[in-house]
Amino acid sequence: MSILKYLGEPRHKLFAARKYLKALGFSSFHTAPNSFVELHSREEEVVIALGSNVGDRLHNFKEALKLMRNSGINITRHACLYETAPAYVTDQPRFINSAVRGVTKLGPHELLSTLKRIEKDLGRTDGIRYGPRPIDLDILFYGKYKVRSDILTIPHERFWERPFVMAPLMDLLGSAIDSDTVAAWHSFSGHSGGLSGLWEDMGSESLIGEEGMYRVMPLANGLLDWSRRTSIMGILNVTPDSFSDGGNFLSAESAVSQVRLMISEGADMIDIGAQSTRPMASRISVEKELDRLIPVLEAVMSMPEVEGKLISVDTFYSEVASEAVSKGAHLINDVSAGQLDSNMFKVMADLDVPYVAMHMRGDPSTMQNSENLKYDNVCKEISSELYSRIREAEMSGIPAWRIIIDPGFGFSKKTEDNLDILMGLPDIREEIATRSLAISHAPMLIGPSRKRFLGEICSRPASAERDPATIASVTAGVLGGANIVRVHNVKDNLDAAKLCDAILRQKGSHMKSRH
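Notes on the structure in this doc start here. The numbers attached to residues start from 1 for each chain and follow its sequence in the written order. This being a predicted model, a pLDDT of at least 70 is required before a residue's local features are given, and a value of 80 or more before pairs of side-chain atoms are given or counted; all residues contribute to the totals for chains, interfaces and linings. Side-chain descriptors were evaluated using all non-hydrogen atoms of the structure, hydrogens and water having been removed beforehand.

1. Section: the sheet that holds strand 18 (residues 484-487)
Taken together, the 8 strands give an open sheet; going across it, the order is 16-15-14-13-12-11-18-17, and neighbouring strands pair in parallel fashion. Each of the sheet's edge strands pairs with one partner strand only, and the pair in question is strand 16 (403-406) and strand 17 (445-446). Following DSSP output, two strands are said to pair if at least two bridges run between them. Helix and strand definitions here come from DSSP, where helices need a minimum of 4 consecutive H or I residues and strands a minimum of 2 consecutive E residues; each element is numbered from the N-terminal end. With 5 bridges connecting them, strand 12 (residues 269-273) and strand 13 (residues 310-314) associate as parallel partners. The partner of Asp271 across the bridge, within strand 13, is Ser312. Residue contacts follow a heavy-atom distance rule, with two residues in contact if any of their heavy atoms lie within 4.5 Å. Inter-axis angles, ranging from 0 to 180 degrees, are taken between N-to-C directions of lines fitted to C-alpha atoms, where helices are fitted over the stretch in contact. Its contacts with the sheet put helix 9 (residues 286-301) on strand 11 (231-237), strand 12 and strand 13, and the angle it makes with strand 13 is roughly 175°.

2. Focus on the environment of Ala49
Mapped onto the fold, Ala49 is located in strand 2 (residues 44-52). Taking the C-alpha atoms as reference, Ala49 lies 9.8 Å from His156; in sequence the two are 107 residues apart. In this structure, Ala49 is in contact with Ser98, Ala99, Asp136, Leu137, Asp138 and Leu140, ignoring residues within four places of it in sequence.

3. Here's the deal with the packing of helix 12 (residues 378-395) against helix 14 (residues 425-433)
One way to put it is that helix 12 packs onto helix 14 with a least axis distance of 9 Å and a crossing angle of 50°. Looking at the two axes, helix 12 sits oblique to helix 14. The handedness of the crossing between helix 12 and helix 14 comes out as right-handed. Of the residues in helix 14, those touching helix 12 at Cys379, Lys380, Ile382, Ser383 and Tyr387 are Asp427, Ile428, Glu431 and Ile432. When residues are grouped by polarity, Ala, Val, Leu, Ile, Met, Phe, Trp, Tyr, Cys and Pro land in nonpolar, Asp, Glu, Lys and Arg in charged, and all others, Gly among them, in polar. Per-class residue counts for the contact of helix 12 with helix 14 are 5 nonpolar, 1 polar and 3 charged. Put simply, angles under 35 degrees are roughly parallel, angles over 145 are roughly antiparallel, angles from 65 to 115 are roughly perpendicular, and the rest are oblique. A crossing counts as left-handed when the near helix is turned anticlockwise from the far one by less than a right angle, and as right-handed when that turn is clockwise.

4. Thoughts on helix 13 (residues 415-423)
Relative accessibility thresholds used throughout: buried, under 20% of the residue-type maximum; exposed, over 50%; partly exposed, between the two (1.4 Å probe, protein chains only). If you check which residues of helix 13 are buried, you get Thr415, Asp417, Asn418, Ile421 and Leu422. Along the axis of helix 13, the buried residues cluster in a sector spanning 160°; they form a single face. Contact partners of the buried residues in helix 13: helix 12, helix 14, helix 16 (452-458) and helix 17 (467-479). Each C-beta atom gives one direction from the helix axis, and the arc is the one those directions make.

5. Some details on unusual backbone geometry
In this structure, Pro155 follows Ile154 across a cis peptide bond, with omega equal to 0°. Residue position: Pro155 is located in the loop between strand 8 (153-154) and helix 5 (163-171). If you check the backbone angles, Ser459 has positive phi at about 55° while not being a glycine. On the basis of relative accessible area, Ser459 is assigned to the exposed category, the value being 59%.

Next comes the structure, spelled out in structure tokens:
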């Protein structure tokens, strides 16, 4: 379902919103810089665009967001992150671009002054127009108001023609118009289909990966474009009781040997887990988990073969996550999406590594009880419940561009639920898109490998005999939009993923040729 189609039905509401706002005097807000009539009495929702192409671009973003929060701008949503070719002045480094939504009691000119001060604090100086800069902060929208003065124009002029601004702006909206303020923003576009219609006319998603603009995730010391090919995450359980390989890799030596094998077979990532999350597993303490994890993690990180690979740690404890990242882990995989440790989101906000948020009800010891297995529409409810966790993560300071979503195969799911998820990955994205296009675009990880539902369907009680069924489920998942597959058998699933990627590329080339 295209966003244009979704918005097509309420088009008349956009015109009505425009008329309504004008009647209330919200269509414009004229002032001069030496004659402010600022709006202090209430919080206003704002959209601020960010760009950087000088120095440590991600660090510049992080510091700008921190300074914004400390200056009375409460950030509520983040767009995806884009790496883009420079516009207008092309002989300069590539940019990263994004945008945020927030609320503030600062008036529009106070907000402008605050953002200019932040730019200066981060090293921006007066240079050539559209030239290199460590940080660029622009006000795209301020409440329901249009602002015109000698120093400020809102909506920001010319952003309608800039894909590197429009893409993150659209990320901040859902495909549904959820407030009068958002209705006003759509009406400001002057397009009969609102901002969505304008974006559609520009080319919308077809521009991503074209025109020098890529949707990326900061990972290790680089930027990952997860759309180019499926990433393979090899599983390493250093536990005595995991359902498939418990007890096999308890020593650092055996773990290193298994990692070496998985890397030789083509793994892009290794996910190390020191606490079993199989159904009915008992929870171990932070201390015990660290005792199991750290010797293995340190040994793995010292392997020459790990150079250029990504190491993930599977934990729901914030203390373990923090310690793992300090030892070199590149991302954290949390099966509880922050539900089992109230400090997880706060800790992750400071760690600056990607965070896998997985859907699960209860905990491993309770997730398969009858109450947690009740669904009326499993894909819709997963989307809603997972998004509510991610929304809290964003409010805690974890930007959308560091979030990976996982629907949670086998976690508080019956066999038929897992099949519905496997068929319904596009539906999960589409349902999340009604609330946040940014999160709907996030990389999706799936982990059906050797799960019980595959054994039930194929009459394979031994988990090691479920690899063919795993390959089939991975194939369905990748063709349905999964970007990362977490598997025990790297070699065979990599072949399946390569074939799926080739099918999707071929399908994409046919679609482009038809246009």
